[in-house]
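# Structural description and commentary
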Amino acid sequence: MLSDRQFFPHVMTKGELNFMRDAFVLALAMRPDELSAEEKERVAAGVFRFYSRGLSDLHKLAELALLSASSRIFRQPSAPRDRERTGRQDQFAAGPM
């Protein structure tokens with residue numbers, strides 16, 4: 001029988017989805033003010049992004065997802081995997097002039 005982790009990150013189990021939901025809810029609870037729908041979407045994307053890269057500590061995942069949602073640096077796809085997914089290139093990808 002295959003373990004759940006052999007499918008990771010392409011197939012998520014119910015437990016993993018529940019864990020990511022808990023991280024999302026915790027991240028929202030950490031903010032004293034209400035987030036816009038766009039900010040909530042960025043937090044959710046951050047939770048998925050960092051969980052799929054192996055971050056499995058609930059509090060750290062929530063904190064990093066919240067930080068990434070509010071930081072311009074994290075919004076730019078800089079990792080090769082992100083560039084492949086979005087089809088965008090970094091402005092500095094061509095190297096120095």
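Residues numbered from 1 in each chain as written. Predicted model: local features only at pLDDT ≥ 70, side-chain atom pairs only at ≥ 80, totals over all residues. Heavy atoms only, no water.

## A short note on the environment of L55
Along the chain, the position of L55 falls in the loop between helix 2 (37-52) and helix 3 (58-70). According to the relative accessible area criterion, L55 is partly exposed, its value standing at 23%. When residues no more than four places from it in sequence are discounted, the contact partners of L55 are F50, K60, L61 and L64. (Helix = DSSP H or I, 4+ residues; strand = E, 2+ residues; numbered from the N terminus. Buried < 20%, exposed > 50% of the residue type's maximum accessible area, 1.4 Å probe, protein only. Contact = heavy atoms within 4.5 Å.)

## What about the pattern of salt bridges?
The full count for this structure, using the stated rule, is 4 salt bridges. D33 is the salt-bridge partner of R31, the closest N and O atoms lying 3.0 Å from each other. Residue class for D33 comes out partly exposed when judged on its relative accessible area of 39%. A salt bridge links K40 to E34; the shortest N-O distance between them is 2.9 Å. Judged by relative accessible area, which is 29%, K40 ranks as partly exposed. (Salt bridge = Lys/Arg side-chain N within 4 Å of Asp/Glu carboxyl O.)

## Re the packing of aromatic side chains
By the definition in use, this model includes 1 aromatic pair. Centroid distance F19 to Y51: 5.5 Å. Interplanar angle 45°. Geometry classified as tilted. Note that F19 is positioned in helix 1 (residues 14-30) and Y51 in helix 2, a separation of 32 residues in sequence. By relative accessible area, which is 21% here, F19 ends up partly exposed. Residue Y51 is classed as buried on the basis of its relative accessible area, which comes to 8%. (Phe/Tyr/Trp six-rings, centres within 6.5 Å; stacked < 30°, edge-to-face > 60°.)

## Some words on the confidence of the model for the protein
Confidence in the prediction of the protein, expressed as mean pLDDT, is 78, and 64% of residues score 70 or more. Within the protein, no element has a lower average pLDDT than helix 5 (residues 80-86), which sits at 53, and none a higher one than helix 1, at 95. Low pLDDT, under 50, characterises residues 90-97; the stretch is placed with 3 contacts to residues that sit more than four places away or in other chains. (pLDDT = per-residue confidence, 0-100.)

## Details of helix 3
An ideal rise of 1.5 Å per residue puts 18 Å on 13 residues; helix 3 measures up with 19 Å between its terminal C-alpha atoms. For helix 3, the full list of buried residues reads L61, A62, A65, L66, S68 and A69. What you see down the axis of helix 3 is that its buried residues fit within an arc of 165°, all on one side. N-cap assignment for helix 3: the residue whose side-chain oxygen lies 3.2 Å from the backbone N of H59 is D57. (Expected span 1.5 Å × (residues − 1). Arc of directions from axis to C-beta. Polar contact = N/O pair within 3.5 Å; in protein donor to acceptor, adjacent residues only side chain to side chain.)

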